[in-house]
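Close look at the chain arrangement
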Amino acid sequence: MFWRILYIPCILVIVAAVVMRVWFGKQVVLAKGGQRCKVDVDRWSDLLGTTVNLPTCEASAADLGRQLRKSALIQWRERDSKAARAREAAKRFGMAVPPLTIAVVLFALIAARIPIAGGIAIFLASTALSSVLGILSIGAELRAVAVLCKRLRDSRIFSRQDDEEAVLRCAVAEVWLDSLPPILRWI
């Protein structure tokens, strides 16, 4: 009975995290990601540096948003390495803990140390904890992307305001898409 009580809060946390990812990430990329954006390649490379290259002067907003986020993360690591390492640790935790929990639970089930309901509850709890850590640590990464987005707005790289807005929204959406543990990303 105790194990089944854990199901409800864990499932609620997982569902809330998935809904936030879909609402702030997937929905934005589906709406704005396919938009073709014209960009000034020279200004783009001046702003983002040599780490991110733009192959042509026109690309989709989703691709440009991904490149913008990647550059923001690189600049963030140089500017505030401690916060960047903390965010990366939360991502690694989310990547490692649920699969390791599956292995431990399987061994415990084989050894008949816990019931099946307990194994499911433990797996849901580890996935919920990974989701919470991913969502709670997202604020620092969003601030890092916002810093570069402000610089991008000031530099007037895009000829149209609509292109600029689509790229900025896709960059923020990419952060949300990467917020969940990999075991939940297929949803």
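Quick caveat, the model's predicted, so the values are computed rather than measured.

Next up on the list: the overall build of the protein. Broken down by element type, the protein carries seven helices and two strands. When the helices and strands of the protein are placed in sequence order, the string is α-β-α-β-α-α-α-α-α. Seen through its C-alpha atoms, the protein measures out along the principal axes to roughly 65 × 35 × 25 Å. A burial count over the protein gives 43% of its 187 residues as buried.

This brings us to helix α4 (residues 81–110). Given a rise of 1.5 Å per residue, 30 residues ought to cover 44 Å, and the 43 Å separating the end C-alpha atoms of α4 matches this to within 8%. Within the sequence span of α4, burial applies to Ala-84, Arg-87, Ala-90, Gly-94, Val-97, Pro-98, Thr-101, Val-105 and Ala-108. Summarising the contacts, the buried residues of α4 are in contact with α3 (61–79), α5 (116–136), α6 (138–155) and α7 (161–177).

The next point concerns the environment of Lys-70. Relative to the helices and strands, Lys-70 is located in helix α3. A residue is classified by how much of its surface remains accessible, and Lys-70, at 46% relative accessible area, is partly exposed. As for Lys-70 and Val-175, which are separated by 105 residues in sequence, their C-alpha atoms are 9.8 Å apart.

Taken as a whole, this structure holds 14 salt bridges when the rule is applied. Where Glu-141 meets Arg-69, a salt bridge forms, and the shortest distance between an N and an O atom there is 2.7 Å. Here the residue Glu-141 occupies a position in helix α6, and Arg-69 occupies one in helix α3, the gap between them amounting to 72 residues. Judged on exposure class, the residue Glu-141 and its partner Arg-69 are both buried. What you see here is one network of salt bridges that share partners, running through Arg-69, Arg-87, Lys-91, Glu-141 and Asp-178.

Moving on to unusual backbone geometry. Phi angles above zero are rare outside glycine, and Ala-112 is one such case at about 60°. Mapped onto the secondary structure, Ala-112 falls in the loop between α4 and α5.

Let us look at the packing of α4 against α5. Where α4 contacts α5, the axes come no closer than 8 Å and their chain directions differ by 175°. In terms of axis orientation, α4 runs roughly antiparallel to α5. From α4, Arg-87, Ala-90, Phe-93, Gly-94, Val-97, Pro-98, Thr-101, Ile-102, Val-105 and Leu-109 reach across to α5, where they touch Ile-116, Gly-119, Ile-122, Phe-123, Ser-126, Thr-127, Leu-129, Ser-130, Leu-133 and Gly-134. Here the contact of α4 with α5 is built from residues that sort into 12 nonpolar, seven polar and one charged.

Right, let's get into helix α1 (residues 2–32). Here α1 is 31 residues long and its end C-alpha atoms lie 45 Å apart, about the 45 Å a rise of 1.5 Å per residue gives. The largest bend along α1 reaches roughly 35° and is located at Val-22. Here α1 has its buried residues at Tyr-7, Cys-10, Ile-14, Ala-17, Val-18, Arg-21, Gly-25, Val-28 and Val-29.

In this section: the nonpolar core. Formed by 36 residues in total, the largest nonpolar core has its most connected members in Trp-44, Leu-64, Leu-68, Leu-152, Ile-157, Phe-158 and Val-167. Mapped onto this core, the elements with two or more residues apiece are α1, α2 (41–48), α3, α5, α6 and α7. When residues in this core are grouped by element, the largest group, seven residues, is from α7. Filtering out sequence-adjacent residues up to four positions away, Phe-158 remains in contact with Cys-37, Lys-38, Val-39, Trp-44, Leu-64, Leu-152, Asp-163, Glu-164 and Val-167.

This next bit is on the confidence of the model for the protein. Summarising the model, the protein shows a mean pLDDT of 85, and 95% of its residues fall at 70 or more. Looking across the protein, the model is least confident in α2, with a mean pLDDT of 77, and most confident in α5, with 90.

Before going further, it helps to examine the environment of Pro-182. One can find Pro-182 in the segment after α7. For the pair Pro-182 and Arg-92, spaced 90 residues apart in sequence, the C-alpha to C-alpha distance is 9.9 Å. Setting aside residues up to four positions removed in sequence, Pro-182 forms contacts with Gly-94 and Met-95.

Cut-offs used in this document
Residues numbered from 1 in each chain as written. Predicted model: local features only at pLDDT ≥ 70, side-chain atom pairs only at ≥ 80, totals over all residues. Heavy atoms only, no water. Helix = DSSP H or I, 4+ residues; strand = E, 2+ residues; numbered from the N terminus. Buried < 20%, exposed > 50% of the residue type's maximum accessible area, 1.4 Å probe, protein only. Expected span 1.5 Å × (residues − 1). Contact = heavy atoms within 4.5 Å. Salt bridge = Lys/Arg side-chain N within 4 Å of Asp/Glu carboxyl O. Axes fitted to C-alpha atoms, helices over the stretch in contact; angles between N-to-C directions. Parallel < 35°, antiparallel > 145°, perpendicular 65-115°, else oblique. Nonpolar A, V, L, I, M, F, W, Y, C, P; charged D, E, K, R; others polar. Bend = angle between axes of the 7 residues up to and from the residue. Core = buried A, V, L, I, M, F, W, Y, C linked by side-chain atoms within 4.5 Å. pLDDT = per-residue confidence, 0-100.

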